[in-house]
Amino acid sequence: MVEAVLIDLFSLPASLQNNIQGILCNTLETIEKCSSIPAPFVFVMCCQMPGSESKGEQESLLPTLRDFQSLNKRLEVVHALTTAAVLYTIKQRLDEKDLSIIKIILPALRKELMKVYIDHLFTSVYQFEFEDLQVASDCNNLQRIGPQSEEQTVPTQDVALIRSEIQMHLESLPSLKGELTILKSSLIPDDIFLHGFTTRTGGISYIPTLSSCNLFSSFKRRDPQAVVKENLRRLANAAGFNPETFHRVKIDHANVVHIMGKTEPDSYDGIVTNQKGVTIAAPGADCIPVLFADPVRKACGAAHSGWKGTLLGVSMATVNAMVSEYGCNVKDILVVLGPSVGPCCYKLPHESAKEFHRIDPKCVRHFDSATPYIDIRRATRILLEKGGIPPENIQDDSITDQNQNITFCTACHPDKFYSHFRDGTNFGTQIGFISIKD
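Thresholds, definitions, all that
Residues numbered from 1 in each chain as written. Predicted model: local features only at pLDDT ≥ 70, side-chain atom pairs only at ≥ 80, totals over all residues. Heavy atoms only, no water. Helix = DSSP H or I, 4+ residues; strand = E, 2+ residues; numbered from the N terminus. Contact = heavy atoms within 4.5 Å. Pairing = 2+ DSSP bridges. Axes fitted to C-alpha atoms, helices over the stretch in contact; angles between N-to-C directions. Expected span 1.5 Å × (residues − 1). Buried < 20%, exposed > 50% of the residue type's maximum accessible area, 1.4 Å probe, protein only. pLDDT = per-residue confidence, 0-100. Polar contact = N/O pair within 3.5 Å; in protein donor to acceptor, adjacent residues only side chain to side chain. Phe/Tyr/Trp six-rings, centres within 6.5 Å; stacked < 30°, edge-to-face > 60°. Lys NZ or Arg CZ within 6 Å of the ring centre and 35° of its normal. Parallel < 35°, antiparallel > 145°, perpendicular 65-115°, else oblique. Left-handed = near helix turned anticlockwise from the far one by under 90°. Nonpolar A, V, L, I, M, F, W, Y, C, P; charged D, E, K, R; others polar.

### Digging into the overall build of the chain
Point 1. A count of helices and strands for the chain gives 13 helices and 18 strands.
Point 2. Looking at the chain alone, contacts between residues at least 24 apart form 70% of all its contacts between residues at least 6 apart.

### A look at the sheet that holds strand β13 (residues 299-305)
Point 1. Spatially, β9-β10-β13-β12-β14-β17 is the arrangement adopted by the six strands of the open sheet, whose pairing is mixed. Bordering the open sheet on either side are β9 (257-259) and β17 (394-395), each of which pairs with just one other strand.
Point 2. The sheet contact formed by strand β10 (residues 270-273) and β13 spans four bridges and is antiparallel. Within β13, the position partnered with Thr 273 by the bridge is Cys 300.
Point 3. Against the sheet, helix α10 (residues 314-326) engages β9, β10, β12 (288-294) and β13, with an angle of about 160° to β13.

### A look at α10
Point 1. Along its 13 residues, α10 runs 18 Å from first to last C-alpha, staying within 8% of the 18 Å computed at 1.5 Å per residue.
Point 2. Of the positions making up α10, those classed as buried are Val 314, Ser 315, Met 316, Thr 318, Val 319, Ala 321, Met 322 and Tyr 326.
Point 3. In the core, the buried residues of α10 are packed alongside β9, β10, β12, β13, α9 (307-311) and α12 (376-386).
Point 4. In the stretch just after α10, Gly 327 is the one whose phi turns positive, near 70°.

### A word on the pairing of strand β5 (residues 127-132)
Point 1. As paired strands, strand β4 (residues 101-106) and β5 are joined by six bridges and run parallel to one another. Bridge assignment links Ile 102 to a residue of β5, and that residue is Phe 128.

### Here's the deal with the confidence of the model for the chain
Point 1. For the chain, per-residue confidence averages 89 on the pLDDT scale, and 86% of positions sit at 70 or higher.
Point 2. In this model, residues 51-58 is a region of pLDDT below 50 whose contacts with residues beyond four sequence positions or in other chains number 11 contacts.
Point 3. Predicted confidence is poor over residues 142-149, with pLDDT under 50, and the contacts of this stretch with residues over four places away or in other chains come to 27 contacts.

### Structural notes on the side chain of Asn 214
Point 1. Looking at the element boundaries, Asn 214 is found in the loop between β7 (193-198) and α8 (225-239).
Point 2. By relative accessible area, Asn 214 is classed as buried at 0%.
Point 3. Polar contacts involving the side chain of Asn 214 include one to the main-chain carbonyl oxygen of Phe 216, which spans 2.9 Å.
Point 4. In this structure, Asn 214 is in contact with Ser 205, Arg 221, Asp 223, Val 228, Asn 231, Tyr 418, Gly 428 and Thr 429, ignoring residues within four places of it in sequence.

### Remarks on the packing of aromatic side chains
Point 1. Scanning the entire structure with this criterion turns up eight aromatic pairs.
Point 2. Taking 5.7 Å as the distance between ring centres and 85° as the angle between the ring planes, the aromatic pair formed by Tyr 88 and Tyr 206 counts as edge-to-face. Taken as a pair, Tyr 88 in helix α4 (residues 83-96) and Tyr 206 in the loop between β7 and α8 lie far apart in primary sequence, 118 residues in all. Taken individually, Tyr 88 and Tyr 206 each receive the classification buried, so the pair is uniform in this respect.
Point 3. Ring-pair connections join several aromatic residues into one group, and the members of that group are Phe 122, Tyr 126 and Phe 128.
Point 4. Sitting over the face of the ring of Phe 41, Lys 97 holds its NZ or CZ atom 5.0 Å from the ring centroid.
Point 5. When the ring centre of Phe 130 is taken as origin, the NZ or CZ atom of Lys 115, which lies over that ring, is 5.6 Å away.

### Here we look at the packing of α4 against helix α5 (residues 111-121)
Point 1. The interhelical angle for the contact between α4 and α5, taken along N-to-C directions, is 50°, at an axis separation of 11 Å. One way to sum up the angle between α4 and α5 is to call them oblique. The element α4 and its partner α5 pack so that their crossing is right-handed. For the pair α4 and α5, contact is made by Thr 83, Ala 84, Leu 87, Tyr 88 and Lys 91 and by Met 114, Tyr 117, Ile 118 and Leu 121, respectively.
Point 2. Here the contact of α4 with α5 is built from residues that sort into seven nonpolar, one polar and one charged.

### What about the sheet that holds β7?
Point 1. The strand order across the open sheet formed by five strands is β6-β7-β18-β11-β8, and the pairing between neighbours is mixed. This sheet does not close on itself; its edge strands, each paired only once, are β6 (182-183) and β8 (246-248).
Point 2. The pairing of strand β11 (residues 279-284) with strand β18 (residues 430-436) spans five bridges and is classified as antiparallel. In the sheet register, Pro 283 faces β18, and the bridge partner there is Ile 431.

### Remarks on the pairing of β18
Point 1. Among the seven residues in β18, seven count as buried, and that is most of the element.
Point 2. Both faces of β18 are covered, namely the face carrying Gln 430, Gly 432, Ile 434 and Ile 436 and the face carrying Ile 431, Phe 433 and Ser 435.
Point 3. Where β7 meets β18, five bridges bridge the pair, whose relative direction is antiparallel. Residue pairing across strands places Gly 196 opposite Phe 433, the latter belonging to β18.

Shown next, in the form of structure tokens:
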């Protein structure tokens, strides 16, 4: 079922420009007649690249389109200098209305280029189909969902230009929800390491549960990789690292650790390095982003520790990798637990809670209930201490009176952090990052 229709008038052939109102009337009549919903949302894309030969013609379309829009309340004309700007504006409208099944009616010569824009600005949450503008009166076409089968290759240079256009537009957008904020630990020496934990402010992600500095994209969420990349660029500028040498763990909720410089596993929740200028990171949106630093051997690590990874010992697996690969002494390694869901909020089924109870009964509250409260931070600290990390080398300042708080409860602070537990499936992600300074 088509939920929204995009009519692309960018580079409209001259033979059709004189009859634009007739084309729109016919197209809207077809949409209304063929759609299974009373009035799908319709967006008319009117873009104009500076310097184009058809600039005057395209601008002459605007008064006609605006007049047409005033007579058709379910139609919105979106006009900007670039396709990227128009599509991103329309994406915001679609997301406001939670729409994801979209039909694009466009000149045939624009189809393959449009698919490149779609690939970079949308995720697989959305479904697209394409139809030639000249044949917009075919009801059978309107009902078909999914892209047409024929495929053509867009020249590499054109793809590069589209990526550049998208990047330039995203870079021009204002930051949302205030300034970009980085939390730093006083435990990790800043003369040797660059590190921090991000909050949710200062990025461009606009969907409420992803706003604004979301740093992870997936096929299940509405934030595309291009937006996450721009958020990362802004973080890198603020923190002082190179986004081109940034490596984030590939989450599997297990205990595999990747040694930078060796063959990269398909998935891993820990990563370690002794290479200068390489920034490594672990995400978290309730799960703990854990940072490791050895100022003696000048090595560092990052781990993603959810409840499964905690039970599997991902933090000690990261420590052990630093010991075996770089000759670190466990008593020199500093560990900081980042923002994560606290025992005040986090619940698990009773069967899973039993495993935490075995680590320490104090890791579980209301043990006899169907869904006890779990303290994954305490369990992480206990396992690290059992592995030889001195208690004073572990920062979990949710249990101390330190002025600089790192280990906030993500679920309790919606203004500062993302939370899967609180926000549901379409949640955002913050990260903990660390690198060895040059």
